[in-house]
Amino acid sequence: MKKIYALIFSLATLIVAADQWTKNIALEALQTQGRSIPWFDGFHFTLVYNYGAAFGMLNDLGEGVRTVFFLSLPLFVLGILWWTYIRKFKVTERLGPVAMGLVVGGALGNFIDRVRFGYVVDFIDWFYKTEGSSCIPLFFFISPNTCHWPVFNIADSAISVAMVLLIGHSFLTNNNQKAQKV
């Protein structure tokens, strides 16, 4: 079990370090919210202060409610993850602990921003050009003929990858349990 905790802690530490380092670079290079630097076709570095949740949801909550909610939510979620997943991992499992390391690192990276600034620093702007009048789901228009994914950061990416891994882990676990019952 110590190996599992060491794996989760190590990966979480790596994600927090990479996330905070890249956010500091973005803050230095971009300096003002909304400023954008092209990286390569389809990606720009664009500084956005996210006061809400993923995709800017809950941005309209009052500042006091938002502060309490976003400072207590990561602790609550980490507690649930420990109770439902982490403490039940088998020593031979790797996918689940890797996913948990990514989730913990991502959650802590964004939590640090909320404590430091009162918002999360986002800076990776992913987009595509279109000739049509609509975007594929989850993308939205910012400028004419350009569909953008909501601006994100390394912590958000780690959490998203972790969710895909957790879904894969649950399918593998359920299939293994079904195979053992037969």
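First, a word on what this report is: a plain description of the structure on this page. Given the structure is predicted, the values throughout are model-derived calculations rather than measurements.

1. Let's talk about the packing of aromatic side chains
- Under the definition given, this model contains ten aromatic pairs.
- Geometrically, the ring pair formed by W39 and F40 is tilted, given 4.7 Å between the ring centres and 55 degrees between the ring planes.
- Ring centres of F45 and F123 lie 6.1 Å apart, and the angle between their planes is 40 degrees; on these two criteria the pair is classed as tilted. With F45 in strand 2 (residues 43-50) and F123 in strand 3 (residues 120-129), this pair connects stretches of sequence that are 78 residues apart.
- Overall, F45 belongs to the partly exposed group, its relative accessible area being 27%.
- Members of the aromatic cluster, connected to one another through ring pairs, are W39, F40, F43, F45, F123, W126 and W149.

2. Thoughts on the environment of G105
- If you trace the backbone, G105 turns up in helix 3 (residues 95-117).
- Taking the C-alpha atoms as reference points, G105 and A18, separated by 87 residues in sequence, lie 9.6 Å from one another.
- Filtering out sequence-adjacent residues up to four positions away, G105 remains in contact with A12, I15 and V16.

Rules used in this analysis
Residues numbered from 1 in each chain as written. Predicted model: local features only at pLDDT ≥ 70, side-chain atom pairs only at ≥ 80, totals over all residues. Heavy atoms only, no water. Phe/Tyr/Trp six-rings, centres within 6.5 Å; stacked < 30°, edge-to-face > 60°. Helix = DSSP H or I, 4+ residues; strand = E, 2+ residues; numbered from the N terminus. Buried < 20%, exposed > 50% of the residue type's maximum accessible area, 1.4 Å probe, protein only. Contact = heavy atoms within 4.5 Å.

Any link to function would need more than the numbers given here.
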